[in-house]
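# Chains, contacts and geometry: an overview
Listed here are the chains, written in short residue letters.
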Amino acid sequence: MNYWLIKTEPRAYSIDDLAKDKKTPWTGVRNFQARNFMRDQMTVGNRVLFYHSGVERSIMGIARVSSQSQPDPTQFVRKSPYYEPRATNKIPIWYMVTFSFVKKFKKRIPLSHLKIRSGLAGMELLRRGSRLSIQPVSEKNFKVIETLESL
DNA sequence: GCCAACGTTGGC
DNA sequence: GCCAACGTTGGC
């Protein structure tokens, strides 16, 4: 079982959007490291921390991977901001997975709270300058964060 | 709004 | 293969 954290600007797509949609294709990721995690390591059922960047800066709840990776269709859409002229159907460049809603925390967990938990030291999200929008989370850190919800 | 810390592109 | 320039992310 792998665990993950995904970042999103809530104005672009929020946990409430996911709660309403039940599931959503995670298109538009244009970073090779993030792509590789989705393409090569995410499997159906993996648990995912859903993080809002920007003003809220909090883990908002939990999602899960509900489909294996497949080529991101937006790379073929000429008018899309995510258009990728180098991609072909035979050799796509960008991939996506589908995330499904699991739960929204009763109280969001702010970044500032995560920072003062010594048990989470070394977490990628807390690394200075970390911008990776899809990142692995250790099982231990995932469980710690789950317990923080009830505090 | 500022700017540090990136990741990517492209000239050489 | 190197690296300057550029564009972007995202905390503050």
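Let me begin by describing the structure that accompanies this report. (Residues numbered from 1 in each chain as written. Chains lettered and ligands numbered in written order. Predicted model: local features only at pLDDT ≥ 70, side-chain atom pairs only at ≥ 80, totals over all residues. Heavy atoms only, no water.)

### Some words on unusual backbone geometry
- In this model, K22 sits at a positive phi of 70°, which is unusual for a non-glycine residue.
- Here K22 is to be found in the loop between helix 1 (15-21) and strand 2 (23-25).
- Residues other than glycine seldom take positive phi values, yet R57 does so here, at roughly 45°.
- Structurally, R57 can be placed in the loop between strand 3 (47-52) and strand 4 (58-71).
- A residue is classified by how much of its surface remains accessible, and R57, at 45% relative accessible area, is partly exposed. (Helix = DSSP H or I, 4+ residues; strand = E, 2+ residues; numbered from the N terminus. Buried < 20%, exposed > 50% of the residue type's maximum accessible area, 1.4 Å probe, protein only.)

### Observations regarding the packing of aromatic side chains
- Under the defined criterion, the tally for this structure stands at six aromatic pairs.
- Here W26 and F99 contribute two aromatic rings whose centre-to-centre distance is 5.4 Å and whose plane-to-plane angle is 75°, an arrangement assigned as edge-to-face. Here W26 is found in the loop between strand 2 and helix 2 (32-41), whereas its partner F99 is found in strand 5 (residues 95-110), with 73 residues between them in sequence.
- F99 sits in the buried class, given a relative accessible area of 0%.
- Here the aromatic cluster, defined as three or more aromatic residues joined through ring pairs, consists of Y13, W26, F50 and F99. (Phe/Tyr/Trp six-rings, centres within 6.5 Å; stacked < 30°, edge-to-face > 60°.)

### Some thoughts on the sheet that holds strand 1 (residues 3-8)
- Strand order in this open sheet of six strands is 2-5-4-3-1-6, and the pairing throughout is mixed. Each of the sheet's edge strands pairs with one partner strand only, and the pair in question is strand 2 and strand 6 (134-137). Going from strand to strand, the sheet's axes swing by 35° on average, the running direction of each strand aside.
- The pairing of strand 1 with strand 6 spans four bridges and is classified as antiparallel. (Pairing = 2+ DSSP bridges. Axes fitted to C-alpha atoms, helices over the stretch in contact; angles between N-to-C directions.)

### Quick word on the protein's contact with DNA strand C
- Lining the immediate environment of DNA strand C, one finds K7, Y51, S53, G54, R57, L111, K115 and R131.
- Sugar plus phosphate: this is where 76% of the atoms of DNA strand C within 4 Å of the protein reside.
- One nitrogen or oxygen atom from the side chain of Y51 is found 2.9 Å from a phosphate oxygen belonging to DNA strand C.
- Between a base oxygen of DNA strand C and a side-chain N or O atom of R131, the distance comes to 2.7 Å. (Near = heavy atom within 4 Å. Polar contact = N/O pair within 3.5 Å; in protein donor to acceptor, adjacent residues only side chain to side chain.)

### A few points about the protein's contact with DNA strand B
- In the vicinity of DNA strand B, the contacting residues are N31, F32, R86, R127, R128, G129 and R131.
- Protein-proximal atoms of DNA strand B, defined as those within 4 Å of the protein, fall in sugar or phosphate at a share of 74%.
- At a separation of 2.8 Å, a phosphate oxygen of DNA strand B approaches a polar side-chain atom of R127.
- Tallied by class, residues from the surface near DNA strand B come to one nonpolar, two polar and four charged. (Nonpolar A, V, L, I, M, F, W, Y, C, P; charged D, E, K, R; others polar.)

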